[in-house]
Amino acid sequence: MKAYTPQRPRKNTGAFPGHGDLRTPSQAANDVPQGRTSAPVRTRDARRATRDARARDARALPPRKAPQARRIERRAGGAWAVPHAEQPRPRARRETLTVSPPPHGRSEAGPDAGAALRELDETRGVFEDLLLLFYRMLGFLKHPVVVTADINLNVVALTAMGLLSRLWQLSYPRAVVFDEVYYGQYISFYMKRIFFLDGSGPPFGHMLLALGGYLGGFDGNFLWNRIGAEYSSNVPVWSLRLLPALTGALSVPMAYQILSELGFSHCAAMGAALLMLIENALITQSRLMLLESVLIFFNLLAVLSYLKFSNSQKQRPFSPSWWFWLTLTGVACSCAVGVKYVGVFTYLLVLAVAGVHAWHLIGDRSLSNVSVLCHLLARAAALLVVPAAMYLLFFYVHLSLVYRSGPHDQIMSSAFQASLEGGLARITQGQPLEVAYGSQVTLKNVLGKPVPCWLHSHQSTYPMIYENGRGSSHQQQVTCYPFKDVNNWWIVKDPGRHQLVVSNPPRPVRHGDVVQLVHGMTTRFLNTHDVAAPLSPHSQEVSCYVDYNISMPSQNLWRLDIVNRDSDAGVWKTILSEVRLVHVNTSAVLKLSGAHLPDWGFRQLEVVGEKLSRGYHESTVWNVEEHRYGKSQEQKEREVELHSPTQMDVHRNLSFLARFLELQWRMLTAKSDGSEHKYSSSPLDWVTLDTSIAYWLHPRTSAQIHLLGNVVIWASASLATVAYTLLLFWYLLRRRRKICDLPEDSWLRWVLAGALCAGGWAVNYVPFFLMEKTLFLYHYLPALTFQILLLPVVLQHISDHLCRTQLLRSLFGALLVAWYSCACHVFNTLRPLTYGDKSLSPSELKALRWKDSWDILIRKY
Amino acid sequence: MFFIMAAMLSMVKYNSCANRPFSAPWWFWLSLTGVNLAGALGVKFVGLFIILQVGWNTISDLWHLFGDLSLSVVTVGKHLTARILCLIVLPLTLYTATYAVHFMVLNKSGPGDGFFSSAFQARLSGNNLHNASIPEHLAYGSVITVKNLRMAIGYLHSHRHLYPEGIGARQQQVTTYLHKDYNNLWIIKKHNTNADPLDPSLPVEFVRHGDIIRLEHKETSRNLHSHYHEAPLTRKHYQVTGYGINGTGDSNDFWRIEVVNRKFGNRIKVLRSRIRLIHLVTGCVLGSSGKVLPKWGWEQLEVTCTPYLKETLNSIWNVEDHINPKLPNISLDVLQPSFPEVLLESHMVMIRGNNGLKPKDNEFTSKPWHWPVNYQGLRFSGINDTDFRVYLLGNPVVWWLNLLSIALYLLLGSIIAVAVQRGAHLPAEVEGLTQVLLRGGGQLLLGWILHYFPFFLMGRILYFHHYFPAMLFSSMLTGILWDTLLRLWAWSLASSSLARGLYVVGNLSLLLGTAYSFYLFHPLAYGMVGPLAQDPRSPMAGLRWLESWDF
């Protein structure tokens, strides 16, 4: 393996790029190895060589030079890092060709190279190392080759350091830390294959965590009930925490890659990665079973692959690597969205940048209409269709993984519950599908708020006079009861006939039919009349009719209105049909008011007849959950029958799409309690790091894990954002007056970097001001990552364009070194709180409390 | 709506004067825009959106001018100043002037006083704080009222009712109450002595920052008390109760009084000191969650003791009334707040009030997506078939045409934009038309978007009529679109007479169709009597095109 020592590229001192120099700035930027291999070079000299030296070297060895020449050529065209940076390209190409005279007349074909060679070159993507190794292995048979490929040692080193910082003592502490208490629950659900509903995000992130548990052989048996609880021995803490830690570690080299793809110097790229490396908050967050680091990883991956894609756009559209990066962009975006909903903001950002680029593409008159169309279609497929498909796929996997019923069932509709194994499915399995006259049914309210409940009645009657002095009909109460009960059974009766059994063959009830509902246990008829309901005086009271012989006739006819019918003669189906019961005499609709009755109503929920029904509302819609055909004519037998469990054997499955839609809807509408938390904070506190979160405290000592950022990085990143905005605004105004301070290519680079980094920060931060849920400091981390990327961009810009003399520049460099060591020092000081490995004395902890708003826990002895 | 349209009109007018900057009509229209903006904002806060639109237009206009190298920087500066003057300074002046008039006219104390801060009340005549004179520094034995600093929370209050069973300890309720009441009075006492500090033999002792005190409710002689029971609504906080008999309670009655942003040893100033009350035993802070208690609490607001020591306005109080016969009174004239403060405060109260308009359970609400579809109307009066019924519903023909036009516009606009971007060559006439379509139409589309989409983000209760301003914009867009379409079509036909004929016929048919639909639906607006529309005998029988219209 060849160690390639990266060198700081020569600076572009003038206002315009290189004058006759081979390496224009953009090239120089590309000169830095970018994680892909350079040409195979076999001499020792070459190891330390600059590029010129390598070229010279190459000239000395004509037969082996073909790949090298190609490589240089590719680099020379390397203005592609900067869109529209046309200027340096032709000269660079010419010079390249002079540097590398055509061996065997092959590399002359720089622009029109042989297809085979080209393909060979193109296949070098991420797997380039591997492929090349393989290629070498083949070559090894022919020549005694010593060196294979040069691997960017920077990337390797960064990855290693990232891994070290994230994986070190990963399974410590062996206790539940902060939000692990939530995610752990979900992992357990996955392990036990129990259905759950989490309104906080799509299932992909949970599944990734669960994958760690699966690989570690976790059986899901752990009670996640309290932060700080010791893990039992069956919990594979290391493998559960591995995935977030890996993604966190990989974010470090990715920061490097992104900046170099953006066309910034390798120094800046290195700086960005090193800043990511020593950011305490990122380390803390990625060492635990939490999803932020995974989200950040996919965010960065999306940006990186988009950059790679748009860079290869300038080179070779529709090449395999072009397709690869384009698709990877879509996949990474959908993964980010799949981990947490906030990933959607990064997705939108990438879409917007892609949209602008596509718009330029449309304006490119050199392309034919057809090729423009192809470009657009390819982008639409990769950036719109692929993510949507991936998103569906996550849910598909999720739903096929969690197929057992569990504690979250109640929120879902009956049909959904019936599709889960166990639970409702066990009860409803094999019920007859079509409700017929004589059917015994339980009716569940579709709204399910405040609690899911079933239409219910019991012997007790409404009190004659309510507390507030109003009178009632004193008839039997009808309520909605949140528990399964024999009193929830009703019999559907044909008003024209007397029997309460299903005839043979069964006569199904259809939309628009008029029915009576008979309460199974008391054989009274569901009735409503013009009497004010107990708690909602604007609606009618619903009762089971008791004949007191007081000139109050029974009004017990109901017309069936199937809301989701296929046709007007649709049949009333168990579970699937959502019906409204419209009272024939008063056209009131049976409705769950949601109010709790007082003690006389046993605190059950009130059911009313709503006269002024305004269209469709879920509280007026009911569905049959349990159902069987009644067989007993006699009341006694029927009571026995009602008590017996239902049993039948037809299996009904909801289609995946219907299940997905319902699950998605419930997730989005799941109520998040906007309650205050001890460590919750407002977005304004985040920028200045005026808040912190205590994650874990050692049960005996004062070793603790605390989410705290590296103050130096936070402050300077915020400053950089402000500086960027001001500079951008200033340049914009100047350019508007046709005063160009920056050469075109560095201007475009500057804008693109800003759009991605500053834009990434803004889209991941600003929306939180509009969110009403409980917010924590860790919500800021994705935004912070982008801000950290912006920091070196601004610094390099200042050093390149604003420091006019060499002296100033060296001064600035010295300042930067001092500043970075300062950041390192802060990292080191806060390290005990990040890893939680060292117990500090109270006075040391007090000394660490730099801000009053940091709630560092200090044990009292 | 009038002001919105007027602002739009004058903006367009002054845009068309752009070739003669600084001429009289230019100035006239520019300042008229400003006046109308102030009017729009002054009538309803929705006027904010038209300000955004005008602002956007102005910025792009300035950007354009700035890029024009034939103009010197000084000229551009002049343009900028003119716009700042007319579009920012002028409307703001007018807007504040309306408020000045508002405050001048309404200078009497009224039922809404409790919503405002003490200082605000001091300027309302009839309020007991108006020209009042009270002792300046808080002393032991004083009778005080304590007001939460957050607006619309009110005074610390207690009354002879206990918390119901099952909700914390069954002790006397402590709430906040917006109105002035004898039950808002508390006596401030030392924690360790029960001697009457008003005894003339004792010297006056002032309360200082950091003192441990006890607050005794004057009417019921119970102490302000807190303990480790969860609060009735905010479960993570502690319950606050009234406890003890005749002022004798336990150590849970002790509170440390702290002045925010002051040093130790300072006295506590009435009205101006912002104080926090920290419970000594549990270390929590007295605050109000702002949540309304259920019936047992008389729908007053919940008071809790929060264990979270974050400084929020909810947990900061000030002393408002202060009665202590042993202390000299001083006049409160110093308290007169300045006009900007008053303005700011009244806005804060309004915004809070606006956000407070949350839909109640089961109350009828309409969702923003209902509006452009004309999904549901609003019943203004009358329910039964014998009543005189007025039903607020848009003319469905117009509304659906608008909806269609927006979709069509987006399609056409993007096609044209792509064509232009691809460098397609358009004939001069078409070029002109597309310019109108893209510029003018874009302007209107922006108006529609600005007046419509923000409602999706609003948490408050929304009504159908909130869509009306957006509807105006979308109707204008429809006009432009169809006019352009017909012209294009006419232009594509060869003979000029046929083209003219087509244009006229097209326009006429659109107009007549609209007029006819107005005739069909006019009973909704002017009121109707007779059977409901479900009934085939009703005159509206055939017109219930959507299930959800319930006229």
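Residues numbered from 1 in each chain as written. Chains lettered and ligands numbered in written order. Predicted model: local features only at pLDDT ≥ 70, side-chain atom pairs only at ≥ 80, totals over all residues. Heavy atoms only, no water.

Draft legend 1. Molecular detail of the overall build of chain B. A count of helical and extended segments in chain B gives 12 helices and 16 strands. Among the 551 residues that make up chain B, the fraction classed as buried is 46%. By element, 65% of the accessible surface of chain B is carried by carbon and sulfur atoms, the whole surface being about 27100 Å². (Helix = DSSP H or I, 4+ residues; strand = E, 2+ residues; numbered from the N terminus. Buried < 20%, exposed > 50% of the residue type's maximum accessible area, 1.4 Å probe, protein only. Areas by Shrake-Rupley, 256 points an atom, 1.4 Å probe, with all protein chains shown as cover.)

Draft legend 2. Molecular detail of the overall build of chain A. When helices and strands are counted, chain A shows 27 helices and 16 strands. Across the 861 residues that make up chain A, the buried fraction comes to 56%. If you take every contact in chain A between residues at least 6 apart in sequence, the share linking residues at least 24 apart comes to 74%. Taken as a whole, chain A presents about 35900 Å² of accessible surface, with 62% of it coming from carbon and sulfur. (Contact = heavy atoms within 4.5 Å.)

Draft legend 3. Inspection of the nonpolar core at higher detail. Among the nonpolar cores identified, the biggest contains 156 residues, and Leu262, Phe298, Leu663, Ile693, Tyr695 and Trp714 of chain A are the most heavily contacted of them. No other element matches the 13 residues that helix H14 (residues 292-315) of chain A contributes to this core. Both domains that meet at this core, namely domain 1 (157-397 + 706-835) and domain 2 (403-429 + 649-670) of chain A, each give it at least three residues. Beyond its immediate chain neighbours, meaning those up to four positions away, Ile693 of chain A contacts Phe178, Tyr679, Ile705, His706, Leu707, Phe776, Leu777 and Tyr778 of chain A. Listed in part, the 41 residues of the second largest apolar core include Leu37, Tyr452, Met471 and Phe473 of chain B. (Core = buried A, V, L, I, M, F, W, Y, C linked by side-chain atoms within 4.5 Å. Domains from an automatic or database assignment.)

Draft legend 4. Broad picture of the pairing of strand S9 (residues 540-544) of chain A. All names here are of chain A. A large share of S9 lies buried, amounting to 5 of its 5 residues. The side-chain alternation of S9 yields two buried faces, one formed by Gln540, Val542 and Cys544 and the other by Glu541 and Ser543. Two elements, strand S5 (residues 476-481) and S9, share 2 bridges in a ladder whose sense is antiparallel. Considered in S9, the bridge of Gln477 is made with Ser543. Bridging between strand S8 (residues 526-532) and S9 involves 5 bridges; their strand directions are antiparallel. Opposite Thr528, over in S9, you have Val542 as the bridge partner. (Pairing = 2+ DSSP bridges.)

Draft legend 5. Summary view of the UniProt feature "domain: MIR" (unreviewed entry) in chain A. Per the UniProt record, "domain: MIR" (unreviewed entry) is found at residues 432-495, 506-563 and 570-627 of chain A. Between the end C-alpha atoms of residues 432-495 of chain A there is a gap of 22 Å, over a span that is 0% helix and 41% strand. (UniProt positions renumbered as here; feature names shortened; annotations may be inferred.)

Draft legend 6. Spotlight on the interface of chain B and chain A. Counting residues at the interface gives 28 residues for chain B and 27 residues for chain A. Carbon and sulfur atoms make up 52% of the surface buried where chain B meets chain A, a total of about 2500 Å² over both sides. Area buried by chain B at its contact with chain A is led by Trp63, Gln421 and Arg422 of chain B, which between them contribute 28% of it. If you look at where chain B meets chain A, you find 0 salt bridges. When residues of the side of chain B that touches chain A are traced back to their parent elements, those giving at least two are helix H3 (47-67), helix H4 (73-105) and helix H8 (396-421) of chain B. Of all the elements, H3 of chain B adds the most residues to the side of chain B that touches chain A, at 5 residues. Grouping the constituent residues of the side of chain B that touches chain A by class yields 14 nonpolar, 8 polar and 6 charged. (Buried area = accessible area lost by both parts, 1.4 Å probe. Salt bridge = Lys/Arg side-chain N within 4 Å of Asp/Glu carboxyl O. Nonpolar A, V, L, I, M, F, W, Y, C, P; charged D, E, K, R; others polar.)

Draft legend 7. Highlighting the state of the cysteines. Residues and elements named next belong to chain A. Evaluated as defined, the whole model comprises 2 disulfides over all chains. With a sulfur-sulfur separation of 2.1 Å, Cys453 is cross-linked through a disulfide to Cys480. Here the S-S torsion is close to 95 degrees, and the disulfide linking Cys453 with Cys480 is therefore right-handed. One end of the pair, Cys453, is in the loop between strand S3 (439-445) and strand S4 (454-461); the other, Cys480, is in strand S5, with 27 residues separating them in the sequence. Across the pair, Cys480 and Cys453 agree in class, each one buried. (Disulfide = S-S within 2.5 Å.)

Draft legend 8. Fine view of the packing of aromatic side chains. Residues and elements named next belong to chain A. The tally for this structure, following the rule as stated, stands at 57 aromatic pairs over all chains. Between Tyr391 and Phe660, the ring centres sit 6.3 Å apart and the planes meet at 85 degrees, which makes this aromatic pair edge-to-face. Here the residue Tyr391 occupies a position in helix H17 (residues 369-401), and Phe660 occupies one in helix H21 (residues 656-669), the gap between them amounting to 269 residues. The buried category is assigned to Tyr391, whose relative accessible area is 15%. (Phe/Tyr/Trp six-rings, centres within 6.5 Å; stacked < 30°, edge-to-face > 60°.)

Draft legend 9. Geometry of the UniProt feature "transmembrane region" (unreviewed entry) in chain B. Mapped onto this numbering, the UniProt entry annotates "transmembrane region" (unreviewed entry) at residues 27-52, 84-105, 397-420, 441-464, 470-490 and 502-521 of chain B. The span residues 27-52 of chain B is 88% helix and 0% strand, and its two end C-alpha atoms sit 21 Å from each other.

Draft legend 10. Highlighting the domain arrangement of chain A. Entries for chain A in the domain assignment read domain 1 (157-397 + 706-835), domain 2 (403-429 + 649-670) and domain 3 (433-647). Computed over C-alpha atoms only, the centres of domain 1 of chain A and domain 3 of chain A are separated by 55 Å.

Draft legend 11. Quick look at the UniProt feature "domain: MIR" (unreviewed entry) in chain B. Mapped onto the present numbering, the UniProt feature "domain: MIR" (unreviewed entry) falls on residues 135-191, 204-260 and 265-322 of chain B. As annotated, residues 204-260 of chain B comprises 0% helix and 44% strand, and the C-alpha atoms at either end are separated by 24 Å.

Draft legend 12. Summary view of unusual backbone geometry. The linkage connecting Tyr172 of chain A with the following residue, Pro173 of chain A, adopts the cis geometry, with an omega of -5 degrees. Structurally, Pro173 of chain A is set in the loop between helix H8 (153-167) and helix H9 (180-192). Unlike most non-glycine residues, Leu689 of chain A shows phi in positive territory, near 55 degrees. Following the sequence through the fold, Leu689 of chain A ends up in the loop between helix H22 (683-687) and strand S15 (693-697). Of the residues examined, Leu689 of chain A reaches a relative accessible area of 1% and is grouped as buried. If you check the backbone angles, Ser221 of chain B has positive phi at about 55 degrees while not being a glycine. As for its placement among the helices and strands, Ser221 of chain B is situated in the loop between strand S6 (212-217) and strand S7 (223-230). The class for Ser221 of chain B is buried, based on a relative accessible area of 16%.

Draft legend 13. Inspection of the environment of Asn280 of chain A at higher detail. All names here are of chain A. Note that Asn280 resides in helix H13 (residues 280-286). Judged by its relative accessible area of 0%, Asn280 is buried. In this structure, Asn280 is in contact with Leu708, Gly709, Asn710, Phe827, Leu830, Arg831 and Thr834, ignoring residues within four places of it in sequence. Among the polar contacts made by the side chain of Asn280, one reaches the main-chain carbonyl oxygen of Phe827 at a distance of 3.5 Å. (Polar contact = N/O pair within 3.5 Å; in protein donor to acceptor, adjacent residues only side chain to side chain.)

Draft legend 14. Region of interest: the pattern of salt bridges. Residues and elements named next belong to chain A. One pass over the structure, following the stated rule, counts 17 salt bridges over all chains. With its nearest N and O atoms 3.4 Å apart, the salt bridge here joins Glu261 to Lys308. Of the two residues, Glu261 sits in helix H11 (residues 237-261) while Lys308 sits in helix H14, which places them 47 residues apart along the sequence. For the pair Glu261 and Lys308, a shared accessibility class is recorded, and that class is buried. We note a salt bridge from Lys444 to Glu625, for which the minimum N-O separation is 4.0 Å. In this pair, Lys444 sits in strand S3 while Glu625 sits in strand S14 (residues 622-629), placing the two residues 181 residues apart along the sequence.

Draft legend 15. Region of the structure containing the confidence of the model for chain A. Residue and element names in this part refer to chain A. Mean pLDDT over chain A works out to 77, with 77% of the residues at or above the 70 mark. Element-level pLDDT for chain A is lowest in helix H5 (residues 88-99), with a mean of 35, against a maximum mean of 93 in helix H15 (residues 320-339). Within the model, the stretch residues 1-126 combines pLDDT values under 50 with 213 contacts to residues more than four positions away or in other chains. Per-residue pLDDT stays below 50 along residues 647-651; that stretch engages in 13 contacts with residues further than four places along the chain or on separate chains. (pLDDT = per-residue confidence, 0-100.)

Draft legend 16. Highlighting the packing of H17 of chain A against H21 of chain A. All names here are of chain A. For the pair H17 and H21, interaxial distance at closest approach is 10 Å and the crossing angle is 95 degrees. If you check the angle between H17 and H21, you find them roughly perpendicular. Residues Tyr391, Leu392, Phe395, Tyr396, His398 and Leu399 of H17 pack against Phe656, Arg659, Phe660, Leu663, Gln664 and Met667 of H21. Of the residues that constitute the contact of H17 with H21, the class distribution is 9 nonpolar, 2 polar and 1 charged. (Axes fitted to C-alpha atoms, helices over the stretch in contact; angles between N-to-C directions. Parallel < 35°, antiparallel > 145°, perpendicular 65-115°, else oblique.)

Draft legend 17. Just helix H10 (residues 203-215) of chain A, in detail. Residues and elements named next belong to chain A. Taking 1.5 Å of rise per residue, 13 residues should cover 18 Å, and H10 covers 18 Å from first to last C-alpha, within 8% of that figure. In terms of burial, H10 is largely enclosed, as 10 of its 13 residues are buried. Along H10, the residues that are buried comprise Pro203, Phe204, Gly205, His206, Met207, Leu208, Leu209, Ala210, Gly212 and Gly213. In the core, the buried residues of H10 are packed alongside H9, H11, H14, H15 and H17. Taken from the residues just after H10, Gly217 is the one with a positive phi, measuring 75 degrees. (Expected span 1.5 Å × (residues − 1).)

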